[in-house]
Amino acid sequence: NLGDVFAGRTPTSWTLDDLSAAARGGMHHRNFERGRKMFGAAACFACHRFGNEGGMTGPDLTGAGGRYNARDFLDQVINPSKEINEQFVPVVLTKTDGEKISGIIVNLSGDTVQVNTDLTDPNQRLGVDRKQVVKMEPSKVSPMPEGLINMLKQEEILDLVAYVLSGGDAKHAMFKWPSA
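Just so it is clear, the model here is predicted, and its values are computed rather than measured.

> Please clarify how the layout of surface pockets should be interpreted in this entry.
Taking a probe equal in size to a water molecule and rolling it over the atoms shows the remaining empty space. Of the volumes computed, that of the largest pocket is approximately 780 Å³. Contributing to the lining of the largest pocket are 38 residues, with His-48, Gly-58, Pro-59, Ser-142 and Met-144 lying nearest its centre. Secondary structure elements with two or more residues in the lining of the largest pocket: helix H4 (44-47), helix H6 (70-78) and strand E4 (100-107). Partitioned by chemical class, the residues of the lining of the largest pocket number 23 nonpolar, 11 polar and 4 charged.

And the structure:
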């Protein structure tokens, strides 16, 4: 039960400086089983594919170790709106009455724009009359909320990062670190 994992905890507003300093010297000999558990507890599986499970509304993290070093991966998690993957940029629709709707456009044919406004539910759709839309523009806010790791302890976060960047393979884990 995930509620039990966080029972009695106080959230921590983690910063990149806090965690990257800890990760710099502490990525080896991590607890991959706990890392996988934290991947689920932090709701990563809701939107991200990893191996043969998870959602499809965010980038697939199976090969994240080939794309990110530990610091850059932590930066993506802590600051999700800093750099949004172009395949997953939400759109903001502004209607004639001023209402703004943010989500991923699923279908743009005919008189209705179909928008997914809840990425944890890929089948959710909101139909918006195209004649009521005055502007469509890319959102500057990531669909990934900030603070998803705030209920995790530092060691749990490092385990999660090690688990993801190793592709879940503890035996062959190699961690890159920026030289600067």
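Now that the structure is up, let's keep going.
> Help me understand the environment of Glu-53, please; the structure alone is not making it clear to me.
By the element assignment, Glu-53 lies in strand E2 (residues 53-54). Residues contacting Glu-53, with those up to four places away along its chain left out, are Arg-36, Phe-45 and His-48.

> Would you explain the pattern of salt bridges in this entry?
Scanning the model with the defined rule gives 9 salt bridges in all. Of the charged contacts, one joins Arg-30 and Glu-155 as a salt bridge, the two residues approaching to 2.6 Å between their closest N and O atoms. One end of the pair, Arg-30, is in the loop between helix H2 (16-25) and helix H3 (32-41); the other, Glu-155, is in helix H7 (residues 154-165), and 125 residues separate them in sequence. Taking the relative accessible area as the measure of exposure, Arg-30 reaches 14% and is therefore buried. A single salt-bridge network, built from bridges that share partners, covers Arg-30, Arg-34, Glu-155 and Asp-159.

What counts as what
Residues numbered from 1 in each chain as written. Predicted model: local features only at pLDDT ≥ 70, side-chain atom pairs only at ≥ 80, totals over all residues. Heavy atoms only, no water. 1 Å grid on protein atoms, 1.4 Å probe; cavity = no way out; pocket = protein on both sides within 12 Å on 5 of 7 lines; lining within 4 Å. Points joined across faces, edges and corners; volume = space filled by probe spheres on them. Helix = DSSP H or I, 4+ residues; strand = E, 2+ residues; numbered from the N terminus. Nonpolar A, V, L, I, M, F, W, Y, C, P; charged D, E, K, R; others polar. Contact = heavy atoms within 4.5 Å. Salt bridge = Lys/Arg side-chain N within 4 Å of Asp/Glu carboxyl O. Buried < 20%, exposed > 50% of the residue type's maximum accessible area, 1.4 Å probe, protein only.

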